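Letter by letter, the chains look like this.
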Amino acid sequence: MKKTSTRLADGRELVYYDSRDDVVRDAADPRPLDPVATTAEIRHDPLLGDDVAIASHRQGRTYHPPADACPLCPSRDGRHSEIPGDDYDVVVFENRFPSLAGDAGRCEVVCFTPDHDASFAGLSEERAGLVLDVWTDRTAELAELPGIRQVFCFENRGAEIGVTLAHPHGQIYAYPFITPRTALMRRSVAAHRAATGRNLFDDVLERERAAERVVLRTGEWVAFVPYAAHWPYEVHLYPTRRVPDLRALDDAARAGFPAVYLELLRRFDRIFGPGEPPTPYVAAWHQAPFHDPERADFALHLELFTIRRTSGKLKFLAGSESGMSVFVNDVPPEAAARRLREVASQ
């Protein structure tokens, strides 16, 4: 993997990641951009104990532009985008409208392909492997920034999820705090260790591997619908050897990831049958916080889920979910796992 770092016209960092070492990336950003000015701040909720990012500048972010004005496509034919080059493999740049910035963290955009009409599921295994390398490299780079406690790599796909740019891309958030979801897991892990002397992630994975909710497995990875799935179709993907974050994956797990992950994404697009639009989803990497004495007890894993519960119908977070954080799932996890096995590639 070749890595080329440059700066956009407003001072934001952009990094090209190429699979070939002989690629030259030297195009400059000619746009007359003013320096980015953000109003991001972190406010603490004393009742819930969590943190909220206030980012009013995001009200002006780009919203569903036409394909010929996409800011994530390469710069071509006289039109200048966020990517100065006329082509790329994978590219990462600082978000122009970040939720977190400065002392409040950092937000990056990851473009998986220059093809506007593609999807992650349509990538080659080589390109998916490059994206994994990029997630790993960004985790390592962002871990070195002052004050960063946790790095979150994720992809939102589909307008139903809230995506405002159709080009295939993901994001990376570097938080200056431990997120509430991770804090809950850490507390559960600590309580389980105190009560049993064992690791909770290991025990959960052992139980799930023996259950009927396994979707697919290899020597390096196992994917299953969790016993208490929150979402209509939800899959958790774990390496079979517990590691705290992407940096700790061994060569075998890294080599085996692309085929497993691409198969999961392709199955998601087949859940609701032929003729259905692409399945909207969130794909979220859960990594151990930095500077945490208990981080070795955390298990890296990816959670993939959709808000579509059946053809033409979405799962909305209404009173119980939004008001009390109590999820009500319309699809039994066993039925979801069975469907995800039925739509396996032939």
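Shown above is the structure to which this text applies.
Residues numbered from 1 in each chain as written. Predicted model: local features only at pLDDT ≥ 70, side-chain atom pairs only at ≥ 80, totals over all residues. Heavy atoms only, no water.

Explain the state of the cysteines here, please?
One way to say it: the disulfide is the covalent bond shared by the sulfur atoms of two cysteines. Taken as a whole and judged by the stated rule, the model has 0 disulfides. Between cysteine 70, a cysteine without a disulfide, and cysteine 73, which holds the nearest cysteine sulfur, the sulfur-to-sulfur distance is 3.8 Å. On the basis of relative accessible area, cysteine 70 is assigned to the buried category, the value being 2%. Summary of cysteine pairing: cysteine 153 is not part of a disulfide, and the nearest cysteine sulfur, belonging to cysteine 107, is at 12 Å. (Disulfide = S-S within 2.5 Å. Buried < 20%, exposed > 50% of the residue type's maximum accessible area, 1.4 Å probe, protein only.)

Help me understand the pattern of salt bridges, please; the structure alone is not making it clear to me.
Charged atoms that come close allow side chains of opposite charge to pair. Counted according to the given criterion, the structure contains 34 salt bridges. Note that glutamate 141 and lysine 3 form a salt bridge whose closest N and O atoms lie 2.8 Å from each other. Of the two residues, glutamate 141 is situated in helix α1 (residues 125–143) and lysine 3 in strand β1 (residues 2–7); the sequence distance between them amounts to 138 residues. By relative accessible area, glutamate 141 is classed as partly exposed at 38%. The salt bridge partner of aspartate 250 is arginine 241, with a shortest N-O separation of 3.4 Å. On the accessibility criterion, aspartate 250 (32% relative accessible area) is partly exposed. Each of Lys3, Arg7, Glu13, Glu94, Arg106, Glu108, Asp137, Arg138 and Glu141 takes part in one network of salt bridges that share partners. (Salt bridge = Lys/Arg side-chain N within 4 Å of Asp/Glu carboxyl O. Helix = DSSP H or I, 4+ residues; strand = E, 2+ residues; numbered from the N terminus.)

Is there a simple way to explain the nonpolar core in this structure?
The nonpolar side chains of a soluble globular protein tend to be buried, and buried together. Counting 55 residues, the largest nonpolar core has Phe120, Trp135, Leu237, Tyr261 and Trp285 as the members making the most contacts within it. Contact partners of phenylalanine 120, with chain neighbours within four places excluded, come to Phe112, Ala128, Val131, Trp135, Glu155, Tyr261, Leu262, Leu265 and Tyr281. Within the second largest apolar cluster, 13 residues are counted, among which are Cys70, Leu72, Val91 and Phe93. (Core = buried A, V, L, I, M, F, W, Y, C linked by side-chain atoms within 4.5 Å. Contact = heavy atoms within 4.5 Å.)

Please explain the packing of helix α2 (residues 180–196) against helix α3 (residues 200–209) as it appears in this structure.
When two helices pack together, their arrangement is given by the angle between the helix axes and by the axis-to-axis distance. Between α2 and α3, whose axes approach to 8 Å, the crossing angle comes to 90°. Between α2 and α3, the angle falls in the class roughly perpendicular. Each of Met185, Ser188, Val189 and His192 in α2 lies in contact with α3, whose residues at this interface are Leu200, Phe201 and Asp203. Tallied by class, the residues present in the contact of α2 with α3 amount to 4 nonpolar, 2 polar and 1 charged. (Axes fitted to C-alpha atoms, helices over the stretch in contact; angles between N-to-C directions. Parallel < 35°, antiparallel > 145°, perpendicular 65-115°, else oblique. Nonpolar A, V, L, I, M, F, W, Y, C, P; charged D, E, K, R; others polar.)

Is there a simple way to explain the packing of α1 against helix α4 (residues 251–268) in this structure?
Where α1 contacts α4, the two axes come as close as 9 Å, and the packing angle between them is 115°. Crossing angle aside, the handedness with which α1 passes α4 is right-handed. Taking contact as the criterion, the partners of Glu125, Ala128, Gly129, Leu132, Asp133, Trp135 and Thr136 in α1 are, on α4, Arg254, Phe257, Pro258, Ala259, Tyr261 and Leu262. Taken together, the residues of the contact of α1 with α4 break down into 8 nonpolar, 2 polar and 3 charged. (Left-handed = near helix turned anticlockwise from the far one by under 90°.)

Hey, could you run me through the side chain of glutamate 234 in this one?
Examined against the element boundaries, glutamate 234 turns out to sit in strand β11 (residues 233–239). For glutamate 234, the side chain forms a polar contact with the main-chain nitrogen of histidine 230, separated by 2.8 Å. Ignoring any residue separated from it by four or fewer positions in sequence, one finds glutamate 234 in contact with Phe224, Val225, Pro226, Ala229, Glu303, Leu304 and Phe305. (Polar contact = N/O pair within 3.5 Å; in protein donor to acceptor, adjacent residues only side chain to side chain.)

Whenever I open this one, the sheet that holds strand β9 (residues 214–217) confuses me. Can you help?
What links the strands of a sheet is backbone hydrogen bonding, and the strands pair in either a parallel or an antiparallel sense. Here we have 11 strands laid out as an open sheet, ordered β1-β2-β5-β6-β8-β7-β12-β13-β11-β10-β9, and antiparallel in their pairing. A single partner strand is all that each edge strand has here, and the edge strands are β1 and β9. Ignoring strand direction, the axes of neighbouring strands in this sheet form an average angle of 20°. Here β9 runs beside strand β10 (residues 221–224); their pairing, made up of 3 bridges, is antiparallel. Paired with valine 214 across the two strands is phenylalanine 224, which belongs to β10. (Pairing = 2+ DSSP bridges.)

What exactly am I supposed to notice about the packing of aromatic side chains here?
What describes a pair of aromatic rings is the distance from one ring centre to the other and the angle between the planes of the rings. The final tally for this structure, using the stated rule, is 19 aromatic pairs. Where phenylalanine 154 meets tyrosine 173, the ring centres are 5.2 Å apart and the plane angle is 85°; that geometry is what we call edge-to-face. Residue phenylalanine 154 is located in strand β7 (residues 150–157), and its partner tyrosine 173 is located in strand β8 (residues 169–175); the two are separated by 19 residues in the primary sequence. Each member of the pair phenylalanine 154 and tyrosine 173 is classed as buried. With centroids separated by 5.1 Å and ring planes inclined at 20°, the aromatic side chains of phenylalanine 257 and tyrosine 261 adopt a geometry described as stacked. With phenylalanine 257 and tyrosine 261 both in helix α4 and 4 residues apart, the pair spans about one turn of that helix. Here phenylalanine 257 falls in the buried class, since its relative accessible area comes to 0%. Three or more aromatic residues joined by ring pairs make a cluster, and in this case those are Phe112, Phe120, Trp135, Trp221, Phe257, Tyr261 and Trp285. (Phe/Tyr/Trp six-rings, centres within 6.5 Å; stacked < 30°, edge-to-face > 60°.)

What is the right way to look at unusual backbone geometry in this model?
Excluding glycine, residues mostly carry a negative phi; peptide bonds, for their part, are mostly trans. A positive phi is found at histidine 64, a non-glycine position, where the angle reads about 45°. Considering the arrangement of structural elements, one finds histidine 64 in the loop between β4 (51–54) and β5 (90–94). Backbone geometry places serine 325, a non-glycine residue, at a positive phi of 60°. Structurally, the position occupied by serine 325 is in the loop between α5 (319–324) and α6 (333–342).

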